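Now for the letters of each chain:
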Amino acid sequence: MNKQESAINAHYSGGLSRAQLKEQFRAFLCALEFLSTIPIAKHAEPSTRLLGQAVAWYPVVGLLIGLLLGLVGWMSVALFTPWISAALVLTCWVLLTGALHLDGLADSSDAWMGGLGSRTRTLSIMKDPNSGPIAICTLILVLLLKLTSLHALVAAHQYWAFIWALVFARCYAVLLLMHTPYVREKGFGSAPKEHLSETACYLLISVVSLTALLALSWKALPVMLIGLASAYGLRQLMLKRLKGCTGDTIGALIELTEVVLLLAIAAVFS
């Protein structure tokens, strides 16, 4: 049992100690620094154990980014048309995430088409930092779908509904990282996977899912199920081609499930 598992058990048996609370806060800051461009005071390189603990906080980071984007949508719609407001939200979305997941999607789409079904060739192309026409077309289509979905929600004055696309997509990424082999011995996901706590991950996923149910009522259920089905389908494709996942495919899963979730949310709320 690792230290994070012990911390969770301590919580149920009598509460977290101050040291454990401080450690979990550092794990949250580590997740925030990795998944966003929000400035965080960095004192030292995070340990592999801290990176593992940070995985559980990915959905919470998604919630924080989503709240900031919702605030942008709410404020901008008073000054601009819904199209301009949606474009501003999407721009801030890319800036706040540092295009991290878009980069993973670009690398994955190039590798998937260029790999021609070969695992070795796919992994080799995925390492190439250059983007081909497949990657560019994929990014354009994904951003267009996000923009039009955001416009539908902003026009319907649903400024906060779309935040759950960010939250659920990162929940699915955590589940993917927990239950899918990581194919590279050295990569962004190899060390965290060894040190993450499934108990903590499931606890925080349950908390944010319950919060979504309280915020969206029954409408959250079809959205979550549609997103989960799309994430499962993407995982099956990864297993078939790569026998597991990579950092790039995790980023691709986040981007693609965000699109599916946004479309589902727009269908339900607009």
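About the thresholds
- Residues numbered from 1 in each chain as written.
- Predicted model: local features only at pLDDT ≥ 70, side-chain atom pairs only at ≥ 80, totals over all residues.
- Heavy atoms only, no water.
- Axes fitted to C-alpha atoms, helices over the stretch in contact; angles between N-to-C directions.
- Helix = DSSP H or I, 4+ residues; strand = E, 2+ residues; numbered from the N terminus.
- Parallel < 35°, antiparallel > 145°, perpendicular 65-115°, else oblique.
- Left-handed = near helix turned anticlockwise from the far one by under 90°.
- Contact = heavy atoms within 4.5 Å.
- Nonpolar A, V, L, I, M, F, W, Y, C, P; charged D, E, K, R; others polar.
- Core = buried A, V, L, I, M, F, W, Y, C linked by side-chain atoms within 4.5 Å.
- Buried < 20%, exposed > 50% of the residue type's maximum accessible area, 1.4 Å probe, protein only.
- 1 Å grid on protein atoms, 1.4 Å probe; cavity = no way out; pocket = protein on both sides within 12 Å on 5 of 7 lines; lining within 4 Å.
- Points joined across faces, edges and corners; volume = space filled by probe spheres on them.

Q: Is there a simple way to explain the packing of helix α4 (residues 58-76) against helix α9 (residues 163-179) in this structure?
A: Helix-helix packing: each pair is described by the crossing angle between the helix axes and the interaxial distance. Running from amino to carboxyl end, α4 crosses α9 at an angle of 165 degrees, the nearest separation of the two axes being 8 Å. In this view, α4 runs roughly antiparallel relative to α9, as classed from their interaxial angle. Seen from above, α4 lies across α9 with right-handed handedness. Residues Tyr58, Pro59, Gly62, Leu63, Ile65, Gly66, Leu67 and Leu69 of α4 touch α9, and the partners they reach there are Ile163, Trp164, Leu166, Val167, Arg170, Cys171 and Val174. Taken together, the residues of the contact of α4 with α9 break down into twelve nonpolar, two polar and one charged.

Q: For this particular structure, what's the right way to read the nonpolar core?
A: General note: in soluble globular proteins, nonpolar side chains tend to be found buried as a group. Judged by nonpolar contacts, the single largest core of 65 residues is most densely connected at Leu69, Leu150, Phe162, Trp164, Phe168, Leu253 and Ile265. The greatest single-element share of this core, amounting to 14 residues, is contributed by α9. With near-sequence residues (within four places) excluded, isoleucine 265 lies in contact with Leu153, Ala161, Phe162, Trp164, Ala165, Val223 and Ser270. Listed in part, the five residues of the second largest apolar core include Ala111, Leu123, Met126 and Leu242.

Q: Just to check I follow, could you spell out unusual backbone geometry for this structure?
A: Positive phi is not limited to glycine here, since alanine 99 has a value of about 55 degrees. Within the fold, alanine 99 resides in the loop between α5 (82-97) and α6 (100-114). Take alanine 99: its relative accessible area is 26%, and that puts it in the partly exposed class. Phi is positive for histidine 157, which is not a glycine, with a value near 60 degrees. Counting through the fold element by element, histidine 157 comes out in the loop between α8 (133-155) and α9. Its relative accessible area of 54% is what places histidine 157 among the exposed residues.

Q: Even after reading the chapter, I still don't get empty space enclosed by the protein, so can you show me in this structure?
A: Over the atoms rolls a probe the size of a water molecule, and its path tells where empty space is left. Counted according to the given criterion, the structure contains one cavity of 30 Å³ or more. Looking at the largest cavity, its volume works out to about 50 Å³. Lining the largest cavity, in full, are Leu90, Trp93, Val94, Thr97, His101, Leu102, Leu143, Lys146, Arg170, Glu255 and Glu258. Among the elements that make up the lining of the largest cavity, the one with the highest residue count is α5 (four residues). Its residues assigned to classes, the lining of the largest cavity shows five nonpolar, two polar and four charged.

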